[in-house]
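Fold and contact review
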2 protein chains.
Amino acid sequence: MSAQRARIAEAMLGMPGAFTAEDLHRRVIEVTPGIGLATVYRALAAMQESGAIATVGDRHGSTLLARCERHDHHHHLVCTECGSVVGIDCPLGDAALISAERAGHLVTRHEITLYGLCAICRARADGDA
Amino acid sequence: MSAQRARIAEAMLGMPGAFTAEDLHRRVIEVTPGIGLATVYRALAAMQESGAIATVGDRHGSTLLARCERHDHHHHLVCTECGSVVGIDCPLGDAALISAERAGHLVTRHEITLYGLCAICRARADGDA
DNA sequence: CACTAAGTGAGAAAGATTCTCATATTGGGA
DNA sequence: TCCCAATATGAGAATCTTTCTCACTTAGTG
Ligand SMILES: [Mn+2]
Ligand SMILES: [Mn+2]
Ligand SMILES: [Zn+2]
Ligand SMILES: [Zn+2]
């Protein structure tokens, strides 16, 4: 593994929640100037391949990513306020399976993402109100 | 409503399944040359606003859209082979709700999309095998 | 008919991601 | 340790989708 990938991985582990490629690049070059944005994109592609990170939405056209503790199949609960992300088990509900069956559709993949406010941001919102 | 919007809506109704803005533009100008791509994008934005269409994925970086019969909250079952789309009811499964509750997260929005093969494409795949 | 708000077309612009290419590094095997 | 093929890197160009600008035309209301 190259030195750059190692630094990018470290920076990625330090990200608090959802982040874009540019967010991560900014953090990386604070510690190690000179690393290029293209290298960050390349590292991100590898991480996504391995399941170390996943797409959890988008922000103004940029892909939002987040670190995954689990590398097996799971989904995400994303705070739209602070970007914190929690991995969740999330088998398809019965209604979905029944609809698919009725249509004769063979489901090979599904995407589920939940958005809202995490406990902390929810408390803060209540306090402000 | 402008003449252009009417033509774009007609063309949209004739789309067989999932389509991109350019797919639709191509169809529109077959019937009515001169209508600009920007106008198609503007019409699509309005349709999405009204619930007449919805995003159902992406194809090589372009947003995939599909017509909705229902304008209320629902989700989609998309054939990755032919692009056919079926609307489905799809309340969150218990597992998802329990995960959110345990995390103290207030869920305000969720996205669910199922991908796979429709009945027709499935039959064709079996025949080929 | 007159007026205003909204829509239009063409192209420029914006922005994210990928590609190119010359150079540099890596890690394994001799 | 030295060599080499494979892979990674950095800088910027290129690509490509979507949005914006602006001068001009409609739609719709009264
Ligand atoms: Mn995860
Ligand atoms: Mn629908
Ligand atoms: Zn939060
Ligand atoms: Zn199909």
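Preceding this paragraph is the structure being described.
First, a word on scope: everything that follows refers to the structure included in this document. Here the structure is a predicted model, which is why all the values come from computation and not from measurement.

Points about the sheet that holds strand β3 (residues 75-79) of chain B
The strand order across the open sheet built from six strands is β4(A)-β3(A)-β5(A)-β5(B)-β3(B)-β4(B), with neighbouring strands paired in mixed fashion. This sheet does not close on itself; its edge strands, each paired only once, are β4 (85-88) of chain A together with β4 (85-88) of chain B. Averaged over all neighbouring strand pairs, the angle between strand axes comes to 20 degrees, with direction disregarded. Across the sheet, helix α4 (residues 94-103) of chain B lies against β3 (75-79), β4 and β5 (106-117) of chain A together with β5 (106-117) of chain B, angled at about 40 degrees from β3 of chain A, the strand it touches most.

Regarding the protein's contact with DNA strand C
The environment of DNA strand C is made up of 15 residues, and the closest members are Y41 and T63 of chain A together with S2, T39 and R42 of chain B. Within 4 Å of the protein, the atoms of DNA strand C are drawn from sugar and phosphate moieties in a proportion of 78%. Between Y41 of chain A and DNA strand C, the recorded distance is 2.4 Å, taken from a side-chain N or O atom to a phosphate oxygen. In the model, a phosphate oxygen of DNA strand C is placed 3.4 Å from a nitrogen or oxygen of the R5 of chain B side chain. Elements with a minimum of two residues in the surface near DNA strand C: α3 (37-50) and β2 (62-67) of chain A together with α1 (3-13) and α3 (37-50) of chain B. Per element, the largest residue contribution to the surface near DNA strand C is three residues, and it comes from α3 of chain A. Within the surface near DNA strand C, the residues separate by chemical class into four nonpolar, eight polar and three charged.

Topic: the side chain of H105 of chain A
Looking at where H105 of chain A falls in the secondary structure, it is placed in the loop between α4 (94-103) and β5. Judged by relative accessible area, which is 7%, H105 of chain A ranks as buried. Within the structure, the side chain of H105 of chain A is placed 3.5 Å from the backbone nitrogen of G116 of chain B, a separation counted as a polar contact. Here L117 of chain B takes part through its backbone nitrogen, which lies 3.4 Å from a polar atom of the side chain of H105 of chain A.

Here we look at the relation of the copies chain A and chain B
If you rotate chain A by 180 degrees and push it 0.0 Å along the axis, it lands on chain B with an RMSD of 0.1 Å. What the rotation and shift describe, once combined, is the action of a two-fold rotation axis.

A look at the pattern of salt bridges
All names here are of chain A. All told, the structure shown has 10 salt bridges over all chains when counted by the stated rule. Of the charged contacts in the structure, one is a salt bridge between R26 and D23, with a shortest N-O distance of 3.4 Å. Pair noted here: R26 and D23 are both in helix α2 (residues 21-31), with a separation of three residues, about one helical turn. Classification of D23 by relative accessible area gives buried; the value is 15%. A salt bridge links R70 to D89; the nearest nitrogen and oxygen atoms lie 3.1 Å apart. In this pair, R70 sits in the loop between β2 and β3 while D89 sits in the loop between β4 and α4, placing the two residues 19 residues apart along the sequence.

A short note on the side chain of T113 of chain A
Counting through the fold element by element, T113 of chain A comes out in strand β5. The class for T113 of chain A is buried, based on a relative accessible area of 14%. Beyond its immediate chain neighbours, meaning those up to four positions away, T113 of chain A contacts V56, H76 and V78 of chain A together with R109, H110 and E111 of chain B.

Notes on the coordination of the zinc ion (ligand 4)
All names here are of chain B. Protein-derived ligands of the zinc ion (ligand 4) are C79 (SG), C82 (SG), C118 (SG) and C121 (SG), with the metal-ligand distances lying across 2.2 to 2.4 Å. In this structure, the zinc ion (ligand 4) is surrounded by four donor atoms whose angles at the metal cover 104 to 114 degrees, and the resulting shape is tetrahedral. Along the chain, the residues that donate to the zinc ion (ligand 4) are spaced as C-x2-C-x35-C-x2-C. A residue pair is termed long-range when its members are at least 10 positions apart, and C79 in strand β3 and C118 in the loop between β5 and α5 (119-128) qualify at 39 residues. Like C118, C79 is buried.

Thoughts on the coordination of the zinc ion (ligand 3)
Each angle at a metal carrying four tetrahedral donors should ideally be 109.5 degrees, and each at a metal carrying six octahedral donors should ideally be 90 or 180 degrees. Residues and elements named next belong to chain A. Only C79 (SG), C82 (SG), C118 (SG) and C121 (SG) from the protein coordinate the zinc ion (ligand 3), and they sit 2.2 to 2.4 Å from it. Its four donor atoms give the zinc ion (ligand 3) angles of 104 to 114 degrees at the centre, a pattern that matches the tetrahedral case. When the donor residues of the zinc ion (ligand 3) are listed from N- to C-terminus, their spacing reads C-x2-C-x35-C-x2-C. Pair noted here: C79 is in strand β3 and C121 is in helix α5 (residues 119-128), with a separation of 42 residues, a long-range link. We note that C79, like C121, is buried.

Reading the values: the criteria
- Residues numbered from 1 in each chain as written.
- Chains lettered and ligands numbered in written order.
- Predicted model: local features only at pLDDT ≥ 70, side-chain atom pairs only at ≥ 80, totals over all residues.
- Heavy atoms only, no water.
- Pairing = 2+ DSSP bridges.
- Helix = DSSP H or I, 4+ residues; strand = E, 2+ residues; numbered from the N terminus.
- Axes fitted to C-alpha atoms, helices over the stretch in contact; angles between N-to-C directions.
- Contact = heavy atoms within 4.5 Å.
- Near = heavy atom within 4 Å.
- Polar contact = N/O pair within 3.5 Å; in protein donor to acceptor, adjacent residues only side chain to side chain.
- Nonpolar A, V, L, I, M, F, W, Y, C, P; charged D, E, K, R; others polar.
- Buried < 20%, exposed > 50% of the residue type's maximum accessible area, 1.4 Å probe, protein only.
- Least-squares fit on C-alpha atoms with pLDDT ≥ 70 in both.
- Salt bridge = Lys/Arg side-chain N within 4 Å of Asp/Glu carboxyl O.
- Donors = N, O, S within 2.8 Å, 3.2 Å for Na, K, Ca; no water.
- Tetrahedral: all angles 85-135°; square planar, octahedral: opposite > 155°, others 65-115°.

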